[in-house]
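What follows is each chain in one-letter form.
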Amino acid sequence: MSDIALVHATFANREEAERIASDMVVERLAACANILAPCVSLYRWEGEIERAQEVPVLFKTTPELVAALRARVAALHSYDLPVIEAWPVAAGSAVFKWVHDVTG
């Protein structure tokens, strides 16, 4: 079992991405958050094809904290239905040992 999980979410703008990423690190739900370059997202919403610029964030956490992190991000998110995906990491760097130090 992996000791690290990646949680991916996209946000409406950089300000929201930075605010929520910071909150997750401060609240110790994530050890690290990588705020990535804006991207273009295409999706269907209420019967229409939408195109929007979004800011993706990768949160690094432990598998045990994924549910709490997803719930908290959803509570703070501006979207009606944010997509918050989580994946276990098959192999991680020793650098992430501090994930346990931060959360434990």
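Higher on the page you've got the structure.
I will try to describe carefully the structure that is included in this document. (Residues numbered from 1 in each chain as written. Predicted model: local features only at pLDDT ≥ 70, side-chain atom pairs only at ≥ 80, totals over all residues. Heavy atoms only, no water.)

1. Quick look at the overall build of the protein chain
Part 1 of the reasoning: In terms of helices and strands, the protein chain carries three helices and five strands.
Part 2 of the reasoning: Mapped from its N terminus to its C terminus, the protein chain presents α and β elements in the order β-α-β-β-β-α-β-α.
Part 3 of the reasoning: Across the protein chain, the fraction of contacts at a sequence separation of at least 24, relative to all contacts at a separation of at least 6, is 71%.
Part 4 of the reasoning: In the structure as shown, the protein chain presents an accessible area of about 6,300 Å², 55% of it carried by carbon and sulfur atoms. (Helix = DSSP H or I, 4+ residues; strand = E, 2+ residues; numbered from the N terminus. Contact = heavy atoms within 4.5 Å. Areas by Shrake-Rupley, 256 points an atom, 1.4 Å probe, with all protein chains shown as cover.)

2. Here's the deal with unusual backbone geometry
Part 1 of the reasoning: With a phi close to 65 degrees, Arg-28 is a non-glycine residue in the positive phi region.
Part 2 of the reasoning: Looking at the secondary structure, you find Arg-28 in the loop between helix H1 (14-26) and strand S2 (32-35).
Part 3 of the reasoning: Look at Glu-46: it is not a glycine, yet its phi comes out positive at around 50 degrees.
Part 4 of the reasoning: Structurally, Glu-46 can be placed in the loop between strand S3 (39-45) and strand S4 (48-61).
Part 5 of the reasoning: Classification of Glu-46 as exposed rests on a relative accessible area of 69%. (Buried < 20%, exposed > 50% of the residue type's maximum accessible area, 1.4 Å probe, protein only.)

3. A look at the pairing of strand S1 (residues 5-11)
Part 1 of the reasoning: Within S1, six of the seven residues are buried, leaving the element largely enclosed by the surrounding structure.
Part 2 of the reasoning: Bridge analysis of S1 against S4 gives seven bridges, and the strand direction is antiparallel. When the sheet's bridge partners are listed, Phe-11 is paired in S4 with Val-55.
Part 3 of the reasoning: Sheet analysis places S1 next to strand S5 (residues 84-88), joined by five bridges and oriented antiparallel. Pairing of Leu-6 across the sheet is with Trp-87, part of S5. (Pairing = 2+ DSSP bridges.)

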